[in-house]
Amino acid sequence: MKAAAEGLASVWLTEVDSRRYAAVRIALGVLVLLNIAHFWPLRVALFSNVGTVGGAASAELNPGLHLSVFSLAPSPLGVTLTFVCAAAAAALLTIGKWARPMAVAVAWFSLSTIQRAPLATGGWDFVLSNFALLLAFSPLGAEWRPADLWRSCERGPRVPRYGLVLMQLQVFVVYWQTVFVKMGNPYWRNGEFLTYFVMSHHGRFAGTWALGWHETFDKLTYLTLLVELAIPVLLWIPALRAWGLALGVALHLGIGLLGTGLWMFSATMLMGYCAFIDFGRKTRNPGL
Amino acid sequence: MPRPRRAITLVFSSLCAANILAGLFPPGSATGDTLAGALAPARWTTGTWQRWEMFHSIPTLRHMEMHIVARDAGGGERIFGPLLPGFGEFEVEGEKRPYYLFTRMEFDPPDPTGAEYLRRVGEALRAEDPELVEFSVVADLGYIRHLAHIRKDGTLAKRVTETFGPYPLRDEGGR
């Protein structure tokens, strides 16, 4: 029993530089601000009691507790004020001011959006919600402001790494589950996915020109699966982390380039990589 | 770290890790669906849902336009955008959230979100023009054709109009 507890402690409580949490905190704060901007034109349509989505109907889809802040302020004005407060909380979280309550506020807002309008959510909303909750219970590196984080060569205070490990696991599962699901789909298996994607409403340069590039897209379809499998593994191994970052950035820039309206998804996935950035690592010893 | 906080941290982290790693069993698999069912209340309550099926299959649409077609007693038609309030419109290429919303909402037969939407549209139309007697939800869709068929004639998408309704706007039937 004691050995098991020691084992768990070594996984979760080993100490790391607090700047690593600060990087995630800053990136998450910025991403939540961007997501608020993304939601803004639709805020009344999606979250108010005069909008397109019924609150009671959304609550029926939720088998858990309905904790959405929009239930407390369902009018268009209430929704707008909630958005303004959430934006302020995200901005304060980014600069590390009153970081703990701001992290909780940002987590509550993120949860509220997916509970109130689950049918209008993208995968990135769930990534943000997961990360926001984990950050709310983790060290925040609040002593680091955005500018200091990149300028200072000093080592930060040492804090337990449990939050970072959980975020790293989350990135791992996002990529691997999506590959497992895709491998069961005929269009991913026969290599046609990317051609259809480019020709669809998601495609930035949609047109029949994609047919002439089908052989290239066929190879890129399979390459995408390999890259999605490889990214979390490469990110996890310190000596190969730069390759993981480079592949991930290339993949998500590619999605941003070929796709339209998907920049929030790409940016959110790249935000997750901040959980892997190790400030001040001097050695190539394996470890998180 | 004080002992109680240390214990809470270890338990909390281990439970969170178990929830996240359960996501490695994908939706559609027997284990994945069993775990998702058991964990659903906790995941919905905390916002830690683990469904990462983005682009798990091909997008089927090249084009999508939604509108509300309302008619008066004389057969005259008025066309409105689908977003409430204000009957706003959206462009599927740039705005993904309305696209997600309307492709996930069920109208025939309506699911709870679809039924609530139809009720709200009815109310908004009655307020807009009391002369209107019924409305339909109309989706103009451009379905991408199979690659082999596109190669033959160069036509990328097949236009299909799906109409839901008509739904009466009189108080006794429109609700």
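For clarity, every value in this text was computed on a predicted model and none was experimentally measured.

### Concerning the domain arrangement of chain B
We note that the domain assignment places domain 1 (3-53) and domain 2 (61-168) within chain B. A separation of 37 Å is found between the C-alpha centroids of domain 1 of chain B and domain 2 of chain B.

### Considering the interface of chain B and chain A
Contacts between chain B and chain A engage 65 residues on the former and 83 residues on the latter. Taken together, both faces of the contact between chain B and chain A bury some 6,700 Å²; the carbon and sulfur share is 70%. On the chain B side of the interface with chain A, the three residues burying the most area are Trp44(B), Trp52(B) and Arg97(B), jointly 14% of the side's total. For the interface between chain B and chain A, the tally reads 1 salt bridge. One salt bridge connects Arg97(B) with Asp125(A), and the closest N-O pair in it is separated by 2.6 Å. In this assembly, chain B and chain A are joined by 32 residue pairs in polar contact (both at pLDDT 80 or more). In terms of residues, the side of chain B that touches chain A owes the most to one element, helix H1 (residues 3-22) of chain B, which gives 10 residues. Of the residues belonging to the side of chain B that touches chain A, the class tally is 38 nonpolar, 15 polar and 12 charged.

### Description of the layout of surface pockets
In this model, the largest pocket occupies a volume close to 1,200 Å³. Around the largest pocket sit 39 residues that line it, and His56(B), Tyr99(B), Tyr100(B), Thr103(B) and Arg104(B) are the ones nearest its centre. Among the secondary structure elements, those contributing two or more residues to the lining of the largest pocket are helix H7 (123-136) of chain A together with strand E1 (61-72), helix H3 (96-104), strand E3 (132-144) and strand E4 (157-168) of chain B. For the lining of the largest pocket, the element with the most residues is H3(B), which contributes 5 residues.

### Notes on helix H4 (residues 112-128) of chain B
When the terminal C-alpha atoms of H4(B) are compared, their 24 Å separation across 17 residues agrees well with the 24 Å that a helix rising 1.5 Å per residue should span. Of all the positions in H4(B), only Thr113(B), Gly114(B), Glu116(B), Tyr117(B), Leu118(B), Arg120(B), Val121(B), Gly122(B), Leu125(B) and Arg126(B) are classed as buried.

### What about the packing of aromatic side chains?
What the rule picks out here adds up to 27 aromatic pairs over all chains. Each ring, one from Phe80(B) and one from Phe87(B), has its centre 4.7 Å from the other, and the planes form 45°; the classification is tilted. Neither Phe80(B) nor Phe87(B) differs from the other in exposure class; each is buried. Between Phe102(B) and Tyr117(B), the ring centres sit 5.5 Å apart and the planes meet at 70°, which makes this aromatic pair edge-to-face. With Phe102(B) in helix H3 and Tyr117(B) in helix H4, the pair connects residues that are 15 residues apart, well separated along the chain. Residues Phe102(B) and Tyr117(B) agree in their burial class; the two are buried. Among the aromatic side chains, those forming a connected cluster through ring pairs are Phe39(A), Trp40(A), Phe47(A), Phe70(A), Phe83(A) and Phe109(A). Directly above the ring of Trp40(A) sits Arg43(A), whose terminal nitrogen or CZ lies 3.8 Å from the centroid.

### Some points on the environment of Val92(B)
Residue position: Val92(B) is located in the loop between strand E2 (77-80) and H3. C-alpha separation for the pair Val92(B) and Ser14(B), spaced 78 residues apart in sequence, amounts to 41 Å. Each residue touching Val92(B), except ones within four places of it in the same chain, is listed here: His201(A), Met64(B) and Tyr99(B).

### Some thoughts on the pattern of salt bridges
Oppositely charged side chains can pair when the atoms bearing their charge come close. If you walk through the whole model with that rule in mind, you get 13 salt bridges over all chains. Here Arg19(A) makes a salt bridge to Asp17(A), at a shortest N to O gap of 3.5 Å. As far as burial versus exposure is concerned, Arg19(A) and Asp17(A) are alike and both buried. Notably, a salt bridge pairs Arg78(B) with Glu128(B), separated by 3.5 Å at the nearest N-O pair. In this pair, Arg78(B) is assigned in strand E2 and Glu128(B) in helix H4, connecting sequence segments 50 residues apart. Classification of Arg78(B) by relative accessible area gives partly exposed; the value is 34%. Here the salt bridges do not stand alone but share partners, grouping Glu116(B), Arg119(B), Arg120(B) and Glu123(B) into one network.

### Some details on the nonpolar core
Phe102(B), Phe107(B), Tyr117(B), Leu125(B), Phe135(B) and Val137(B) are the most contacted members of the largest nonpolar core, which has 131 residues in total. In terms of residue count, helix H9 (residues 162-183) of chain A provides more of this core than any other element does, 12 residues in total. What Phe102(B) contacts, discounting residues up to four positions off in sequence, is Thr52(A), Met64(B), Met66(B), Pro82(B), Leu83(B), Phe90(B), Phe107(B) and Tyr117(B).

### Section: the packing of helix H2 (residues 19-39) of chain A against H9(A)
All names here are of chain A. Running from amino to carboxyl end, H2 crosses H9 at an angle of 50°, the nearest separation of the two axes being 10 Å. When the interaxial angle is binned, H2 and H9 end up oblique. Regarding H2 and H9, the two cross each other, and that crossing is left-handed. Together, Arg20, Tyr21 and Val24 of H2 and Tyr162, Gly163, Leu164, Met167 and Gln168 of H9 make up the contact between the two elements.

### Quick notes on unusual backbone geometry
Residues apart from glycine generally show negative phi values, whereas peptide bonds are mostly found in trans. Residues and elements named next belong to chain B. With an omega of -5°, the peptide bond between Asp108 and Pro109 qualifies as cis. Looking at where Pro109 falls in the secondary structure, it is placed in the loop between H3 and H4. Across the junction of Gly165 and Pro166, the peptide omega takes the value 10°, indicating a cis bond. Its identity is not glycine, yet Phe55 carries a phi of approximately 55°, on the positive side. Inspection of the secondary structure assignment puts Phe55 in the loop between helix H2 (30-46) and E1.

### Here's the deal with empty space enclosed by the protein
What the rule picks out here adds up to 3 cavities of 30 Å³ or more. By volume, the largest cavity amounts to about 70 Å³. Residue contributions to the lining of the largest cavity peak at 4 residues, all from H2(B). Taken as a whole, the second largest cavity spans an internal volume of roughly 50 Å³. What lines the second largest cavity is simply Val32(A), Asn35(A), Phe39(A), Phe109(A), Ser110(A), Thr113(A), Asp125(A), Leu128(A) and Ser129(A).

Conventions adopted
Residues numbered from 1 in each chain as written. Chains lettered and ligands numbered in written order. Predicted model: local features only at pLDDT ≥ 70, side-chain atom pairs only at ≥ 80, totals over all residues. Heavy atoms only, no water. Domains from an automatic or database assignment. Contact = heavy atoms within 4.5 Å. Buried area = accessible area lost by both parts, 1.4 Å probe. Salt bridge = Lys/Arg side-chain N within 4 Å of Asp/Glu carboxyl O. Polar contact = N/O pair within 3.5 Å; in protein donor to acceptor, adjacent residues only side chain to side chain. Helix = DSSP H or I, 4+ residues; strand = E, 2+ residues; numbered from the N terminus. Nonpolar A, V, L, I, M, F, W, Y, C, P; charged D, E, K, R; others polar. 1 Å grid on protein atoms, 1.4 Å probe; cavity = no way out; pocket = protein on both sides within 12 Å on 5 of 7 lines; lining within 4 Å. Points joined across faces, edges and corners; volume = space filled by probe spheres on them. Expected span 1.5 Å × (residues − 1). Buried < 20%, exposed > 50% of the residue type's maximum accessible area, 1.4 Å probe, protein only. Phe/Tyr/Trp six-rings, centres within 6.5 Å; stacked < 30°, edge-to-face > 60°. Lys NZ or Arg CZ within 6 Å of the ring centre and 35° of its normal. Core = buried A, V, L, I, M, F, W, Y, C linked by side-chain atoms within 4.5 Å. Axes fitted to C-alpha atoms, helices over the stretch in contact; angles between N-to-C directions. Parallel < 35°, antiparallel > 145°, perpendicular 65-115°, else oblique. Left-handed = near helix turned anticlockwise from the far one by under 90°.

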